[in-house]
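# Overview (structure and organization)
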Amino acid sequence: MDRTLVICKPDAVERGLVGEIIGRFERKGLRIVAAELRTLDRGVLDRHYAEHAGKGFYGELVAFMGRGPALVAVVEGPEDAWSVVRHMMGATDPMNAAAGTIRGDFGTMVTENLVHGSDSAESARREVAIFFPDLHQE
Ligand code: IDP
Ligand code: MG
């Protein structure tokens with residue numbers, strides 16, 4: 001089985017959309033391996049979003065991601081779970097995301113875009129290790 005990291009961002013928790021988002025992944029056939037509601041601190045966010053450090057939107061991004069609890073989860077599927085999740089999330093900017101995707105159906109703002117998913121197999125391994133270091137990864 002192949003695993004990837006999903007975060008239902010603070011806007012999803014505030015808006016009561018966690019069940020909708022996780023339910024979509026479950027109905028698709030992905031299985032929840034781990035999940036916890038956490039308020040993410042700056043240290044964790046700096047590790048998670050290291051690739052974006054220094055960009056113009058970085059301050060806004062980490063302020064948003066830390067403003068309240070997020071649902072951090074690991075999901076798994078037969079192969080390329082990260083790719084399945086990314087397709088179901090839709091484009092980064094919800095205004096450009098296709099209808100039928102999570103961002104396309106529920107979002108209007110590029111920062112508050114509801115959901116995070118790892119963008120490659122390597123990112124999935126790295127991000128699962130940040131949030132669930134005790135989870136056994138084969
Ligand atoms: P992704 O989440 O689709 O992989 P990334 O480019 O990795 O998108 O950006 C990480 C997060 O940073 C996005 O999900 C979004 O919350 C935020 N973000 C990305 N680009 C912008 C921007 O141009 N303005 C404001 N926020 C942005
Ligand atoms: Mg990304």
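Here's what I pulled together on the structure shown here. Owing to the predicted nature of the structure, the values given are computational and were not obtained by experimental measurement. (Residues numbered from 1 in each chain as written. Chains lettered and ligands numbered in written order. Predicted model: local features only at pLDDT ≥ 70, side-chain atom pairs only at ≥ 80, totals over all residues. Heavy atoms only, no water.)

### Side note on the site of ligand 1
Taken together, Lys9, Tyr49, His52, Phe57, Leu61, Arg86, Thr92, Arg103, Val110, Thr111 and Asn113 make up the full set of residues adjacent to ligand 1. One of the side-chain nitrogen or oxygen atoms of Arg86 is found 2.8 Å away from an oxygen atom of ligand 1. Measuring from an oxygen atom of ligand 1, one finds a side-chain N or O atom of Asn113 at 2.8 Å. Across the complex, the protein chains shield 79% of the 530 Å² of accessible surface that ligand 1 would expose by itself. Under a 2 Å grid-point criterion requiring more than half of the atoms, the pocket assigned to ligand 1 is the largest pocket. Residues of the shell around ligand 1, tallied by class, amount to four nonpolar, four polar and three charged. (Near = heavy atom within 4 Å. Polar contact = N/O pair within 3.5 Å; in protein donor to acceptor, adjacent residues only side chain to side chain. Areas by Shrake-Rupley, 256 points an atom, 1.4 Å probe, with all protein chains shown as cover. 1 Å grid on protein atoms, 1.4 Å probe; cavity = no way out; pocket = protein on both sides within 12 Å on 5 of 7 lines; lining within 4 Å. Sits in = over half its atoms within 2 Å of the grid points. Nonpolar A, V, L, I, M, F, W, Y, C, P; charged D, E, K, R; others polar.)

### Structural notes on the side chain of Asp11
Tracing the backbone shows Asp11 in helix α1 (residues 10-14). One buried charged residue, Asp11, remains without a salt bridge, the closest side chain of opposite sign being Arg15 at 5.0 Å. What Asp11 contacts, discounting residues up to four positions off in sequence, is Phe64, Arg67, Glu112, Asn113 and Leu114. (Helix = DSSP H or I, 4+ residues; strand = E, 2+ residues; numbered from the N terminus. Buried < 20%, exposed > 50% of the residue type's maximum accessible area, 1.4 Å probe, protein only. Lys, Arg positive; Asp, Glu negative; His and termini not counted. Salt bridge = Lys/Arg side-chain N within 4 Å of Asp/Glu carboxyl O. Contact = heavy atoms within 4.5 Å.)

### Topic: the sheet that holds strand β3 (residues 70-77)
One open sheet holds the four strands; their spatial order is β2-β3-β1-β4, and the pairing between them is antiparallel. Each edge of the open sheet carries a strand with a single partner, namely β2 (31-38) and β4 (115-117). Neighbour-to-neighbour, the strand axes of the sheet open up by a mean angle of 20 degrees, direction not taken into account. Its contacts with the sheet put helix α5 (residues 81-89) on β1 (2-8), β3 and β4, and the angle it makes with β1 is roughly 35 degrees. Contacts from helix α7 (residues 121-131) reach β1, β2, β3 and β4 within the one sheet, and its direction differs from that of β1 by about 60 degrees. (Pairing = 2+ DSSP bridges. Axes fitted to C-alpha atoms, helices over the stretch in contact; angles between N-to-C directions.)

### Quick notes on the packing of helix α2 (residues 18-28) against α5
Two numbers describe how α2 lies on α5: the axes approach to 11 Å, and their chain directions differ by 130 degrees. Relative to α5, α2 is oriented oblique. In this structure, the crossing between α2 and α5 has a hand that is right-handed. Here α2 contributes Arg24, Phe25 and Lys28 to the contact with α5, which in turn contributes Val84, Val85 and Met88. Classifying every residue of the contact of α2 with α5 gives four nonpolar, no polar and two charged. (Parallel < 35°, antiparallel > 145°, perpendicular 65-115°, else oblique. Left-handed = near helix turned anticlockwise from the far one by under 90°.)

### Some details on the pattern of salt bridges
For the structure on display, the rule yields nine salt bridges. When the shortest N-O distance is used, the salt bridge between Arg38 and Glu36 registers 2.7 Å. Linking Arg67 and Glu112 is a salt bridge whose minimum nitrogen-to-oxygen distance equals 2.8 Å. Residue Arg67 is found in the loop between α4 (58-65) and β3, and its partner Glu112 is found in the loop between α6 (102-106) and β4; the two are separated by 45 residues along the sequence. One salt-bridge network, in which partners are shared between bridges, spans Arg3, Arg31 and Glu76.

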